[in-house]
Amino acid sequence: MTTHQTIYTPIKPLSAPLTGTLKVPGDKSISHRSVLFSAMAEGTSHLDGVLDSQDVRSSMSVVQALGAQVQLDVQPDGSLAGTVTGWGNEGPRQPDAPLYCGNSGTTVRLLMGVLAPWSIQAQLTGDESLSRRPMARIFTPLQSMGAAFSPEGRSTLPLCEQGGNLHAIEYQMPVASAQLKSAVLLAGVFASGTTRVTEPSCSRNHTELMLPSFGVQVEHGPGWAQVHGGQSMHACDVSVPADPSSAAFMCCAAAITPGSSLRLTQVSLNPARIGFINVLARMGAQIRVEPSGALGAEPYGDIVVQYSPQLTGTTVAESEIASLVDEIPILALVASVCSGATVFEDVSELRVKETDRAQAIIDGLALMGVEATCIGNALHIQGRKSLQVAPGTRFESGADHRLAMTWALAGMCASVEVVVGDFDSVAISYPGFMHDVATLQAAV
Ligand code: S3P
């Protein structure tokens, strides 16, 4: 086994406030689904605005190995557009090598549901981080529908999946997870009977919103979704809006950087994704949304945000967590410049992301002299009104893309040079992050 050598990247302070207009890259969750669902469908789907990042490329490469034809090319704006011709009614072909899912939880977890109804056997593998993440939450309901996973007793990758004839289940999810919900629903499309899932709070609903365009009837409401089995999927066209999780980095940076004023365009305004905007507004940030319309069933529009000098800590309720789960690291940075405390009521899911993000937030904020602690499942951050980072501070990202961007912004917004370990992990979700930050500074 090779040992990973951390590479430290120096990050220069901002040279100017963040101003102007920017369209961040395509939404990662919607991009994954557009690729996976097109691969499952009969016929050729046309996709545009697809995020070109390592995670989405993991989805593209696994569906190719399963027989889909993927012709997505890089466009002048850096997005991917083109066609995917699915395996449709024939089903995926027996892969001749392990399906490597890289760092991508969404790829492997949705794929488990995609493969479950077909009588093929697939080895599922991933990188070091993905191989530590829990998979039993996904294969437990799929097993009860009729798929088999081996070796027995193993709950992490590598795993071998053997699909088969599935029957529907009613499943009460133990966690609010869109990846789990999607895996069960995708398997349910080809099972006999009606598969129904309920969740403890509302996770993102992109699967429920997109499946009808592929000809699949889905019923859903807050906290539940159901799909009738025995359906088939047909090709369709998908345009992917910009990613609110990427936009969140720019919004938070602008809110804490004097002189900043930004408009982020054509961002997904799906309510299940923009909890961070509500939290920033509660903290006193000058932020608003301007809805423009919908791409398919996904609402989108602009986010307008300005430097907001007096921010106050807030409590983020357990029921809000799923709507901002990926934004907690950058919101934690904003919490550190608030007056008073911010509490995230339940960060237990953060412990099983690309890294243990709850601990990583506590450790990173400690380097800045900010007190943060977990009491039970709640993360408490004691704000100290201003951002104070010592020059040369060495932050660790643990090769977690969202931590890499958070700690880079800590240095940039504090006007000091810092170093960030494994900064190149930003390529997982936002390869052009530094380029976009530079563009917004140049707009002055
Ligand atoms: C995702 C769902 C979330 C999120 C992840 C992407 C998705 O994970 O953290 O980045 O595309 O379904 P969980 O569903 O496990 O909460």
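See above for the structure.
Residues numbered from 1 in each chain as written. Predicted model: local features only at pLDDT ≥ 70, side-chain atom pairs only at ≥ 80, totals over all residues. Heavy atoms only, no water.

Novice: Give a detailed account of the overall build of the protein chain, specifying residues and quantitative values.
Specialist: In terms of regular secondary structure, the protein chain is built from 12 helices and 23 strands. In terms of C-alpha radius of gyration, the protein chain reaches 21 Å, essentially the compact-globule figure of 22 Å for 444 residues. By its C-alpha atoms, the protein chain is 60 × 45 × 40 Å across when sized along the principal axes. Accessible surface computed for the protein chain: about 16,100 Å², of which carbon and sulfur atoms make up 50%. Each charge class in the protein chain was averaged separately, 25 positive and 39 negative side chains, and the resulting centres sit 5 Å apart. (Helix = DSSP H or I, 4+ residues; strand = E, 2+ residues; numbered from the N terminus. Rg over C-alpha atoms; globule rule 2.2 N^0.38 Å. Areas by Shrake-Rupley, 256 points an atom, 1.4 Å probe, with all protein chains shown as cover. Lys, Arg positive; Asp, Glu negative; His and termini not counted. Charge placed at Lys NZ, Arg CZ, Asp CG, Glu CD.)

Novice: Before we move on, could you go through the environment of Glu327 and cite the residues and values that matter?
Specialist: If you trace the backbone, Glu327 turns up in the loop between strand 18 (315-316) and helix 9 (328-335). The exposure class of Glu327 is buried, given its relative accessible area of 2%. When the C-alpha positions of Glu327 and Ser45 are compared, they lie 31 Å apart, and in sequence the two are 282 residues distant. In this structure, Glu327 is in contact with Ser245, Ala248, Arg273 and Phe276, ignoring residues within four places of it in sequence. (Buried < 20%, exposed > 50% of the residue type's maximum accessible area, 1.4 Å probe, protein only. Contact = heavy atoms within 4.5 Å.)

Novice: Describe the packing of aromatic side chains, and please don't skip the residues or the numbers.
Specialist: For the coordinates displayed, the defined rule picks out seven aromatic pairs. Between Phe37 and Phe214 the ring centres are 5.9 Å apart and the planes differ by 85°, which places this aromatic pair in the edge-to-face class. In this pair, Phe37 sits in helix 1 (residues 28-40) while Phe214 sits in the loop between helix 6 (206-210) and strand 12 (218-221), placing the two residues 177 residues apart along the sequence. Using a relative accessible area of 0% as the deciding quantity, one classes Phe37 as buried. Taken together, Phe249, Phe423, Tyr430 and Phe433 form an aromatic cluster joined through their ring pairs. The side chain of Arg394 reaches across the aromatic face of Tyr8, ending 3.8 Å from its centre. (Phe/Tyr/Trp six-rings, centres within 6.5 Å; stacked < 30°, edge-to-face > 60°. Lys NZ or Arg CZ within 6 Å of the ring centre and 35° of its normal.)

Novice: Break down the site of the ligand for me, with residues and values.
Specialist: All residues in the neighbourhood of the ligand are listed as Ser29, Arg33, Thr106, Ser177, Ala178, Gln179, Arg204, Val325, Asp326 and Lys353. Measuring from an oxygen atom of the ligand, one finds a side-chain N or O atom of Arg33 at 2.7 Å. Between Ser177 and the ligand, the recorded distance is 3.0 Å, taken from a side-chain N or O atom to an oxygen atom. In the complex, the protein chains occlude 94% of the 390 Å² of accessible area that the ligand would expose alone. Within the residue set of the shell around the ligand, elements represented by two or more residues are helix 1 and helix 5 (178-188). Along the lines of polarity and charge, the residues of the shell around the ligand split into two nonpolar, four polar and four charged. (Near = heavy atom within 4 Å. Polar contact = N/O pair within 3.5 Å; in protein donor to acceptor, adjacent residues only side chain to side chain. Nonpolar A, V, L, I, M, F, W, Y, C, P; charged D, E, K, R; others polar.)

Novice: Account for the sheet that holds strand 10 (residues 170-172), naming residues and giving values.
Specialist: Sheet architecture is open: four strands sit in the order 10-11-13-12, paired in mixed fashion. Edge positions in the sheet fall to strand 10 and strand 12, since each has one partner strand and no second. Looking at each pair of strands side by side, their axes are set apart by 10° on average, direction ignored. Where strand 11 (residues 194-198) lies against strand 13 (residues 224-228), five bridges are found, and the strand directions are antiparallel. (Pairing = 2+ DSSP bridges. Axes fitted to C-alpha atoms, helices over the stretch in contact; angles between N-to-C directions.)

Novice: Describe helix 11 (residues 401-413), with residues and values.
Specialist: Because an α-helix packs 3.6 residues into every turn, residues spaced three or four apart end up facing the same way. The terminal C-alpha atoms of helix 11, which comprises 13 residues, lie 18 Å apart, in line with the 18 Å expected from a rise of 1.5 Å per residue. Burial analysis of helix 11 places 13 of its 13 residues in the buried class, which makes it a mostly covered element. Its side-chain oxygen placed 3.1 Å from the backbone nitrogen of Arg402, Asp400 serves as the N-cap of helix 11. A positive backbone phi angle near 60° is found at Ser415, which sits one or two residues after helix 11. (Expected span 1.5 Å × (residues − 1).)

Novice: I'd like a description of the side chain of Glu208, backed by residues and values.
Specialist: With respect to the secondary-structure elements, Glu208 resides in helix 6. A distance of 2.8 Å separates polar atoms of two side chains, one belonging to Glu208 and the other to Lys181. Non-local contacts of Glu208, meaning those with residues more than four positions away in its chain, are made with Lys181, Leu185, Val218, His220 and Ala225.

Novice: So what's going on with the sheet that holds strand 19 (residues 341-344)? Residues and values would help.
Specialist: The strands making up a sheet associate through backbone hydrogen bonding, with each pair oriented either parallel or antiparallel. The four strands are arranged 18-19-21-20 in an open sheet whose pairing can be described as mixed. What marks the edges here is a single partner per strand, and that holds for strand 18 and strand 20 (372-375). Bridge count for strand 18 against strand 19 is two bridges, and the pairing is parallel. Across the sheet, the residue bridging to Thr315 is Val343, located in strand 19.

Novice: Can you lay out the nonpolar core for me, pointing to particular residues and giving the numbers?
Specialist: Among the nonpolar cores identified, the biggest contains 79 residues, and Met250, Phe276, Leu280, Ile303, Met368 and Phe433 are the most heavily contacted of them. If one sorts the elements of this core by residue count, helix 7 (residues 244-256) sits on top with 10 residues. The contacts of Phe433, once residues within four sequence positions are left out, are Phe249, Met250, Met405, Ala408, Leu409, Met412 and Phe423. Counting 69 residues, the second-largest nonpolar core is a separate cluster that includes Ala39, Leu99, Leu111 and Ala183. (Core = buried A, V, L, I, M, F, W, Y, C linked by side-chain atoms within 4.5 Å.)

Novice: Any chance you could break down the packing of helix 3 (residues 105-115) against helix 5 for me, citing the residues and the numbers?
Specialist: As a packed pair, helix 3 and helix 5 sit with axes 7 Å apart at the nearest point and diverge in direction by 25°. On the basis of their axis angle, the class for helix 3 and helix 5 is roughly parallel. Seen along the crossing, helix 3 lies across helix 5 with a hand that is right-handed. Counting all contacts with helix 3, which are made through Gly105, Thr106, Arg109, Leu110, Gly113 and Val114, the residues of helix 5 involved are Gln179, Ser182, Ala183, Leu186 and Ala187. Its residues placed into classes, the contact of helix 3 with helix 5 shows five nonpolar, five polar and one charged. (Parallel < 35°, antiparallel > 145°, perpendicular 65-115°, else oblique. Left-handed = near helix turned anticlockwise from the far one by under 90°.)

Novice: Give a description of the pattern of salt bridges that names residues and reports values.
Specialist: All chains considered together, the criterion is met by 20 salt bridges. For Arg132, the salt bridge identified is with Glu128, shortest N-O distance 3.9 Å. Salt bridges sharing partners connect three or more residues here, namely Arg133, Arg204, Asp326, Glu354, Arg357, Asp400 and Arg402. (Salt bridge = Lys/Arg side-chain N within 4 Å of Asp/Glu carboxyl O.)

Novice: How would you summarise the side chain of His32 if you had to cite specific residues and measurements?
Specialist: Note on placement: His32 falls in helix 1. Judged by its relative accessible area of 0%, His32 is buried.

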